[in-house]
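# Summary of the model geometry
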Amino acid sequence: MEAQVGNRIVLLGPPGAGKGTQAKLMQEQTGMSHISTGDLLRAAIASGSPIGQEAHAFMERGELVPDALVINMIEDRLARAGDDPSFIFDGFPRTVAQADALEHMLAARQIPLDHVMNIAVPRDDVVRRLSGRRTCARCGTMFHVDFDPSRRPGVCDRCEGELTQRDDDREETIRARLEVYDKATKPLAAFYRSRGLLRDIDGTGTAAQVLERMRAQLNGRH
Ligand code: AP5
């Protein structure tokens, strides 16, 4: 990816749109930090921390964790960054209150947001992607039973760890997460469009094809 892509990027899109997949690819290619609130919350649950204990029940039901908790988590993360930090935000912000808070946090540090990539994928594809997702319990590498299968079923190609299914990737929880997305997160497209930051990305096709579309947008070739 060319250097002039900007330093702060938000990835928006429904559960299963490929935000995590694209963020990891961008991180590998640009060295930008990947900040996933979902990953931070799952790590907090695994460690048994107070944040994890508070977040657990919300996540299990497919609901959003309260804004204040997530905003504090991001404030902590930004406080640990250097002078000109480069971030790919994945899964944050997710409500208008979180977007307002991010705007204030970045303004206070005089580091603007450069792009918001709004990844669109048809509902049926999203459900297939989520129900087939498998993640390595040891190293976090992600697979898909049909679209990106591991060489040996249930075993990570990278570290031989066990592949597991996320608790919130059960059918009824996927439905709840999609409803929450429609209600709470979709309005963020208008929020960022009005600021001239929104870039619409077709999220269908292979991960490499989606990355190429993002690259074209980021470099003004579209
Ligand atoms: P989070 O972990 O953020 O989940 P999500 O937004 O629901 O998104 P996903 O991780 O499910 O999907 P993704 O878009 O990253 O897709 P992925 O690349 O993994 O949040 C989980 C929960 O935490 C929330 O429900 C909430 O409770 C809480 N939470 C998190 N952030 C919060 C916040 N800010 N505020 C409040 N609460 C918060 O891909 C999915 C699958 O598809 C994979 O198997 C992948 O291999 C496959 N795939 C990816 N791209 C393609 C492609 N192009 N073609 C085919 N398959 C593909």
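The structure we're discussing is the one just above.
A brief structural summary. (Residues numbered from 1 in each chain as written. Predicted model: local features only at pLDDT ≥ 70, side-chain atom pairs only at ≥ 80, totals over all residues. Heavy atoms only, no water.)

This paragraph deals with the site of the ligand. Close contacts around the ligand come from 34 residues, with Thr21, Glu63, Arg94, Arg133 and Arg177 the closest. Glutamine 98 has a polar side-chain atom sitting 2.9 Å from a nitrogen atom of the ligand. Starting from 1,000 Å² of accessible surface for the ligand in isolation, the protein chains cover 95%. Every element with two or more residues in the shell around the ligand is listed here: helix 1 (19–30), helix 2 (37–47), helix 6 (123–131) and strand 6 (142–144). No other element matches the 4 residues that helix 2 contributes to the shell around the ligand. Among the residues making up the shell around the ligand, the classes are represented as 14 nonpolar, 11 polar and 9 charged. (Near = heavy atom within 4 Å. Polar contact = N/O pair within 3.5 Å; in protein donor to acceptor, adjacent residues only side chain to side chain. Areas by Shrake-Rupley, 256 points an atom, 1.4 Å probe, with all protein chains shown as cover. Helix = DSSP H or I, 4+ residues; strand = E, 2+ residues; numbered from the N terminus. Nonpolar A, V, L, I, M, F, W, Y, C, P; charged D, E, K, R; others polar.)

Let us now look at the nonpolar core. Counting 30 residues, the largest nonpolar core has Phe89, Phe92, Leu102, Leu113, Val116 and Tyr192 as its most contacted members. Looking at this core, the elements with two or more residues in it are strand 1 (8–12), helix 3 (50–61), helix 4 (67–79), strand 3 (87–90), helix 5 (96–108) and helix 8 (187–193). At 6 residues, helix 4 tops the list of elements feeding residues into this core. Apart from the residues lying within four places of it in its own chain, the contact partners of valine 116 are Val10, Leu12, Tyr192, Leu197, Leu198 and Arg199. In this structure, Ile9, Ile119, Leu130 and Leu178 belong to the second largest nonpolar core, which totals 19 residues. (Core = buried A, V, L, I, M, F, W, Y, C linked by side-chain atoms within 4.5 Å. Buried < 20%, exposed > 50% of the residue type's maximum accessible area, 1.4 Å probe, protein only. Contact = heavy atoms within 4.5 Å.)

Here the focus is helix 2. Of all the positions in helix 2, only Thr37, Gly38, Leu41 and Ala44 are classed as buried. Down the axis, helix 2 shows its buried residues gathered within 125° of arc, on one side only. Facing away from the buried surface of helix 2 by more than 90 degrees, the exposed residues are Ala46 and Ser47. Where helix 2 is buried, its residues contact strand 2 (33–36), helix 3, helix 4 and strand 3. Just past helix 2, the residue glycine 48 takes up positive phi, approximately 75°. (Arc of directions from axis to C-beta.)

Let us now look at the side chain of arginine 166. Relative to the assigned elements, arginine 166 resides in the loop between strand 7 (163–164) and helix 7 (171–185). Reaching out from arginine 166, the side chain makes a polar contact with the side chain of aspartate 168 at a distance of 3.0 Å. Other than its neighbours up to four places away in sequence, arginine 166 contacts Arg42, Arg133 and Arg177.

What follows covers the packing of helix 4 against helix 5. Across the interface, helix 4 lies against helix 5 with an axial gap of 10 Å and an inter-helix angle of 25°. The angle between helix 4 and helix 5 falls in the class roughly parallel. Of the two possible hands of crossing, helix 4 and helix 5 adopt the one that is right-handed. Seen from helix 4, the contacting residues are Asp67, Val70, Ile71, Ile74, Glu75 and Leu78; seen from helix 5, they are Ala97, Gln98, Ala101, Met105 and Leu106. (Axes fitted to C-alpha atoms, helices over the stretch in contact; angles between N-to-C directions. Parallel < 35°, antiparallel > 145°, perpendicular 65-115°, else oblique. Left-handed = near helix turned anticlockwise from the far one by under 90°.)

Going from phenylalanine 92 to proline 93, the amide bond is cis rather than trans, its omega being -5°. The residue proline 93 is located in the loop between strand 3 and helix 5 in this model. Of note, the phi angle at glutamine 110 is positive, near 55°, even though the residue is not glycine. Topologically, glutamine 110 is positioned in the loop between helix 5 and strand 4 (115–120). Not every positive phi belongs to a glycine, and glutamate 160 is a case in point at roughly 65°. Note on placement: glutamate 160 falls in the loop between strand 6 and strand 7. Residue classification places glutamate 160 among the exposed residues on the basis of a relative accessible area of 54%.

So, about the pattern of salt bridges. In this structure the tally under the stated criterion is 17 salt bridges. With a closest N to O distance of 3.0 Å, aspartate 168 and arginine 166 form a salt bridge. For the pair aspartate 168 and arginine 166, a shared accessibility class is recorded, and that class is buried. In the salt-bridge network here, residues are joined through shared partners; they are Arg133, Arg166, Asp168, Asp169 and Arg177. (Salt bridge = Lys/Arg side-chain N within 4 Å of Asp/Glu carboxyl O.)

In total, this model carries 3 aromatic pairs according to the counting rule given. When the centroid spacing of 5.4 Å and the interplanar angle of 50° are considered together, the rings of phenylalanine 87 and phenylalanine 89 count as tilted. A residue is classified by how much of its surface remains accessible, and phenylalanine 89, at 0% relative accessible area, is buried. Seen from their ring centres, phenylalanine 89 and phenylalanine 92 are 6.2 Å apart, and the 50° between their planes marks the pair as tilted. Like phenylalanine 92, phenylalanine 89 is buried. Members of the aromatic cluster, joined through ring pairs, are Phe87, Phe89 and Phe92. The ring of phenylalanine 58 has arginine 61 sitting right over it, with the charged end atom 5.5 Å from the ring centre. (Phe/Tyr/Trp six-rings, centres within 6.5 Å; stacked < 30°, edge-to-face > 60°. Lys NZ or Arg CZ within 6 Å of the ring centre and 35° of its normal.)

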